[in-house]
Amino acid sequence: MSEIGKKIKGLNVPGILIGDILLVVFFSIMNENFFTSYNLMLILRNSCTLLLTSMGLTLVILMGKNDISVGSVVSMTAVIVAVLINKGLLVPLVLLIALAMGAAIGTINGILVAKLNFDYWVVAFSSMSIFAGLALVTTDGVTVSIKSDVLDYIGNGKILGLYVIIWIVILLTLLMIFIQNNTKFGYDVYSIGGSENVAKVSGVKVVKVRILVYMLSGLFASIAGIAIACMTNSGSPSVGTDYSFNAMAAVVIGGTSFAGGKGGIQGTVLGTLLLRILASGLSLMGIAATWQKAIIGLVIVSLIVIDVLNENRKNIKGLRRVYRNVA
Amino acid sequence: MSEVKEGVILKMTGITKRFPGTLALDKIQLTCERGKVHILLGENGAGKSTLVKIISGVYRRDEGTIWYDGQEVNFRDVRETMDAGISMIHQELNLLPDRTIAQNIYLGHEPMKPGQPGVVDYKKMVQDSKNLMGSLGLDMNPNTLVKKLSIAQMQMVEVVKALSKEVKLVIMDEPTSSLTNREITKLFQIVEKLKRDGVAIIYISHRMDEIKRIGDQVTVMRDGQYIDTVSAKDVELPDLISMMVGRKIEKMYERNHCQPGEVIFETHDLTGYRFRNVNIKVRAGEIVSLSGLIGAGRTEVAKAVFGREPIEKGSFTLFGQEHKKITPTKAIKCSLGYLSEDRKTEGLVLQMPIKSNLVLASLKKTFKGGILNARVEDRIGKKYVEELRIATPSASKLAGELSGGNQQKVVIGEWLETGCKFLIIDEPTRGIDVGAKSEIYKLLDKLVNEGYGILMISSELNEVIGISDRVYVMKDGEVTGELDRDELEQEKIMEFAVGGKGGTE
């Protein structure tokens, strides 16, 4: 293996990076407008809100649970931001309320799952439905436009040639990767996802960590909601509808296992990019958005099949080893 | 390590623990000294694991007092015992396969960077792991993912993990069960080192040879009761064995031994996951037991014969037909029935009525054309409730409402309905109370007298001796002995099972 190959393996970056590169090469060949600074910037910009949503979700999935309510929290936050700004509240206050709401929803989900031992799917479905509904109720189902220079600057302003929002997402991503890889909290998330029982007998505070992870998931969904409001200068109650599914897709494509304990945010970044590269490339090739959904589904299934085949091969090897050991 | 290197560190008296329906521990006492290895000895189910789980904070006692390190203590959870310097090496591996060796060793007590609360110092962790493993004579790269290790290496990581904090008392629950000789030697060197450092060790083991090799004291337990504590140096192994098993056989086993018929089941060098070269046979009209300790490979043999795990080598003959490969569906067609040891999850659908459970394994046969017929189901339900004397007012009651013994009868009925003539029964009376046990034994006796053949897997020696026509004993995946009805003695079985003296043929 080449030095670079070894390094990549050492970084534990999934094969998804190669997938990203191959797609970029493929679309660049297929369409001359793909590999342009304008389009690449657009892809990055379009990745921001999805990455924000899937970052928190990555930690939830990493510890062996799932939270499909994130999309509803995205809608809810976007709507709340729009309504409150239009009521004349100060921007910092509005942002604070929106973030607090996301964190609170996450915390409640976390308490239900971790402390009261509700089934996490039931919690996620109920929560998804409740907040999707509340978002619609808040604006009577219509999109509310926002007039705020500050928010517009966050969403559409540029620093050093990059959108402000991209800078924010880069900083938050680095921070989250640091937390995931280098803190006790990050370690605990991996331990719990690897095996709750092992974590317990090793003295990890399972319930506390679980609630915290859910809180982060809600918090990041609300950051995504704020970002969308800033970028579109509006709050639409259905804007987050696709986010739950796409965020899950980004996490899984990024190599985080639903079984927990394996993967991480670095993979999710690549997974998010892959989805956005795919969407951009397919649009440029003139393929309808409706088809894109089906194609994304196919991509996910094939990745999972490859993953399962890989796992099986390893398991068989593992069994042989166990047997040899006994013999 | 601790300053004090001698004297009592742990003293437990009158420890009692009840689980629903059973008295797991009955006034147990145990005293451990610093720098000594205290061996806990007893059959499966004697209560050793329950006792050490009370020490390590996994369970809480119902009665009794514990003095630890000079004061009376009342630990609430694992965290507290860990902080108090008690560490446990579990029998089952408690590791995260997708994390590195270093991350596993320091799991739950990762070293932090000074001045940066919450930030783990991975470099220090790797260095400390390296030093720690070095001091224990192990050479592994701390950055290796645990899933890449052999089982024996994993076990050693487990040991290192237990010693990665300051310990005063280490509990080892059958640590050598998956180690090779080389690693056992290494482990014993570690034990010696711990002794020199004044650490007390509680060591659970089934292996007789280990008692003399590392033990200082031996406490024998049986059926949740304290039997005796003796010095490991002075005691004779046969005495220990009879202390472990020394019960009189009660009157609950009544057999009408019949003249066995032809051989209906025979294995030929059967080899698979966790067992190899197994040659056993069962004749019609016989109850044959597969005895041995938990993990000896008995259940694995049964699963392979029933097609739930692959056969790697060899074959078996069932009613004259030779099989090298088999699936559960085919096994049932060949008149084989398999009653899992875990009847609540693998044998019954608890939320379904008794009668529906009875036809579950034979739906195709009972209902022609795939359409359920309530009248047929009712008839079958009634038939087995009467024949097997299942204690219920009606076959329409839910299986989950029955007692353990009656649930077992339903499972047996389910297999009889498939028309099978050879039954493999794994732990037929686990979790069944004494009165109901003899009912099950009577039922098994009745079946063999009707020409059925039964292969029973049981960890209860009394039951093996009480109702078997013949017994095979397994140890570490191999059959180490065969005993006929008139040679059945607990001591003989135990010798084959643990290899105390001349265990292997």
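Structural notes, computed from the coordinates. What you see is a predicted model, and the numbers here were worked out from it, not measured in a lab.

Comments concerning the packing of aromatic side chains
Each aromatic ring pair is specified by the distance between its two centres and by the angle formed by the two planes. Residue and element names in this part refer to chain A. Counting across every chain of the model gives ten aromatic pairs over all chains. Between Phe-27 and Phe-34, the ring centres sit 5.5 Å apart and the planes meet at 40°, which makes this aromatic pair tilted. The class of Phe-34 is buried, set by a relative accessible area of 0%. Where Tyr-120 meets Trp-121, the ring centres are 5.5 Å apart and the plane angle is 35°; that geometry is what we call tilted.

Focus: a nonpolar patch on the surface
All names here are of chain A. On the surface, Tyr-153, Ile-159, Leu-160, Trp-167, Ile-170 and Leu-174 cluster together into a nonpolar patch covering about 600 Å² of accessible area. Element by element, the count of residues in the nonpolar patch is highest for helix H8 (residues 164-182), at three residues. As for its position among the elements, Ile-170 is in helix H8.

Focus on the pattern of salt bridges
Residue and element names in this part refer to chain B. This structure, assessed with the given rule, holds 27 salt bridges over all chains. Among the salt bridges present, the one from Arg-76 reaches Glu-80, with a minimum N-O distance of 2.8 Å. Judged by relative accessible area, which is 55%, Arg-76 ranks as exposed. Its relative accessible area of 24% is what places Glu-80 among the partly exposed residues. A single network of salt bridges, built from pairs that share partners, joins Arg-283, Glu-286, Arg-470 and Glu-482.

Let's talk about the pairing of strand E4 (residues 63-68) of chain B
Here is the key point about a regular strand: its side chains alternate between the two faces of the sheet. Residue and element names in this part refer to chain B. Bridge count between strand E1 (residues 8-19) and E4: five bridges; the pairing is antiparallel. Of the residues in E4, the one forming a bridge with Lys-11 is Trp-67. As judged from the three bridges shared by E4 and strand E5 (residues 71-73), these two strands associate in the antiparallel manner. Pairing of Tyr-68 across the sheet is with Gln-71, part of E5. Counting the residues between successive antiparallel strands, the hairpin from E4 to E5 contains two residues, one of them, Asp-69, with a positive phi of roughly 55°.

Here's the deal with the sheet that holds strand E17 (residues 336-339) of chain B
Residue and element names in this part refer to chain B. Spatial ordering of the open sheet is given by E17-E18-E19-E14-E20-E21, a layout of six strands whose pairing is mixed. The sheet terminates laterally at E17 and strand E21 (478-484), the two strands that pair on one side only. Strand-to-strand twist in this sheet, taken as the mean axis angle between neighbours without regard to direction, amounts to 20°. Sheet strands touched by helix H15 (residues 404-417): E17 and strand E18 (422-426). Its angle to E17, the strand with the most contacts, is close to 160°. With respect to the sheet, helix H18 (residues 490-498) is in contact with strand E14 (287-292), strand E20 (470-475) and E21, its orientation differing from that of E20 by roughly 30°.

What about the interface of chain B and chain A?
Listed per partner, the contact involves 38 residues of chain B and 27 residues of chain A. Summed over both sides, the interface between chain B and chain A buries roughly 2600 Å², with carbon and sulfur atoms accounting for 58% of that surface. The largest contributions to the chain B side of the interface with chain A come from Leu96(B), Arg99(B) and Tyr273(B), which together make up 19% of the buried area. Across the contact surface, chain B and chain A share one salt bridge. A salt bridge links Glu110(B) to Lys184(A), with the shortest nitrogen-to-oxygen separation between them at 2.7 Å. Summed over the shared surface of chain B and chain A, the number is six residue pairs in polar contact (both at pLDDT 80 or more). For the side of chain B that touches chain A, the secondary-structure elements that each account for two or more residues are helix H2 (78-83), helix H4 (122-135), helix H5 (151-162), strand E11 (263-272) and strand E12 (275-278) of chain B. Ranked by residue count, the leading element in the side of chain B that touches chain A is H5(B), at four residues. Grouping the constituent residues of the side of chain B that touches chain A by class yields 16 nonpolar, eleven polar and eleven charged.

What to know about the environment of Phe178(A)
Residues and elements named next belong to chain A. Tracing the chain through its elements places Phe-178 in helix H8. Under the relative-accessibility criterion, Phe-178 is labelled partly exposed at 35%. Between the C-alpha atoms of Phe-178 and Ile-108, which are 70 residues apart in sequence, the distance is 26 Å.

Re the packing of helix H3 (residues 37-62) of chain A against H8(A)
Residues and elements named next belong to chain A. Following both chains from N to C, one finds H3 and H8 inclined at 25°, their axes separated by 10 Å at the closest point. In terms of orientation, H3 lies roughly parallel with respect to H8. The handedness of the crossing between H3 and H8 is left-handed. Here Met-41, Leu-44, Arg-45, Cys-48, Leu-51, Leu-52, Met-55, Leu-59 and Leu-62 of H3 lie close against H8, whose contacting residues are Ile-165, Ile-166, Val-169, Leu-172, Thr-173, Met-176 and Gln-180. Grouping the amino acids of the contact of H3 with H8 by side-chain chemistry returns 13 nonpolar, two polar and one charged.

Some remarks on helix H7 (residues 149-156) of chain A
Residue and element names in this part refer to chain A. For H7, the complete set of buried residues consists of Leu-151, Ile-154 and Gly-155. All buried residues of H7 project into a common sector of 90° when viewed along the axis, lining one side. Considering only its buried residues, H7 is in contact with H3, helix H4 (70-86), helix H5 (91-115), strand E3 (162-163), H8 and helix H11 (206-232).

Reading the values: the criteria
Counting restarts for each chain, with residues numbered from 1 along the sequence as it is written. Chain letters and ligand numbers both follow the written order, the letters beginning at A and the numbers at 1. With the structure being a predicted model, the display of local features is reserved for residues of pLDDT at least 70 and the display and counting of side-chain atom pairs for 80 or more, all residues being used for whole-chain, interface and lining totals. Side-chain numbers here rest on the full set of heavy atoms in the structure, without hydrogens or water. Whether two aromatic rings pair depends on their centres lying within 6.5 Å, for rings of Phe, Tyr and Trp, where Trp uses its six-membered ring; planes under 30 degrees apart make the pair stacked, over 60 edge-to-face, and the rest tilted. Exposure categories follow from relative accessible area, calculated using a 1.4 Å probe and restricted to protein chains: below 20% of the type maximum is buried, above 50% is exposed, and the middle band is partly exposed. Candidate patch residues must exceed 30% relative accessible area and have no salt bridge, after which like charges are joined if within 9 Å and Val, Leu, Ile, Met, Phe, Trp or Tyr side chains if within 5 Å. In these tables, accessible area is a Shrake-Rupley quantity obtained with a 1.4 Å probe, and a residue counts as shielded only by the protein chains included in the view. Here a salt bridge means any side-chain nitrogen of Lys or Arg lying within 4 Å of a carboxyl oxygen belonging to Asp or Glu. Working definition: helices are DSSP H or I runs of at least four residues, strands are E runs of at least two. Numbering for both runs from the N terminus. Here the rule is simple: two strands pair whenever DSSP picks up at least two bridges between them. For every element, the axis is a line fit to its C-alpha atoms; helices are fit only across the contacting stretch, and the angle between N-to-C directions ranges from 0 to 180 degrees. Note on contacts: a residue pair is in contact if any heavy atoms of the two residues lie within 4.5 Å. Note on definitions: buried area is the accessible-area loss of two parts on being combined, 1.4 Å probe, summed for both. A 3.5 Å cut-off defines polar contacts: any pair of N or O atoms within that distance qualifies, except that in protein one atom must be a possible hydrogen donor and the other a possible acceptor, and neighbouring residues in sequence count only when both atoms are side-chain atoms. Under the convention adopted here, Pro, Cys and the residues Ala, Val, Leu, Ile, Met, Phe, Trp and Tyr are nonpolar, Asp, Glu, Lys and Arg are charged, and Gly plus all remaining residues are polar. By definition in this entry, angles of less than 35 degrees are roughly parallel, angles greater than 145 are roughly antiparallel, angles of 65 to 115 are roughly perpendicular, and the rest are oblique. Crossings are sorted by hand: turned counterclockwise from the far helix by less than a right angle, the near helix makes the crossing left-handed, and turned clockwise it makes it right-handed. Think of the arc as the fan of directions from the helix axis to the C-beta atoms.

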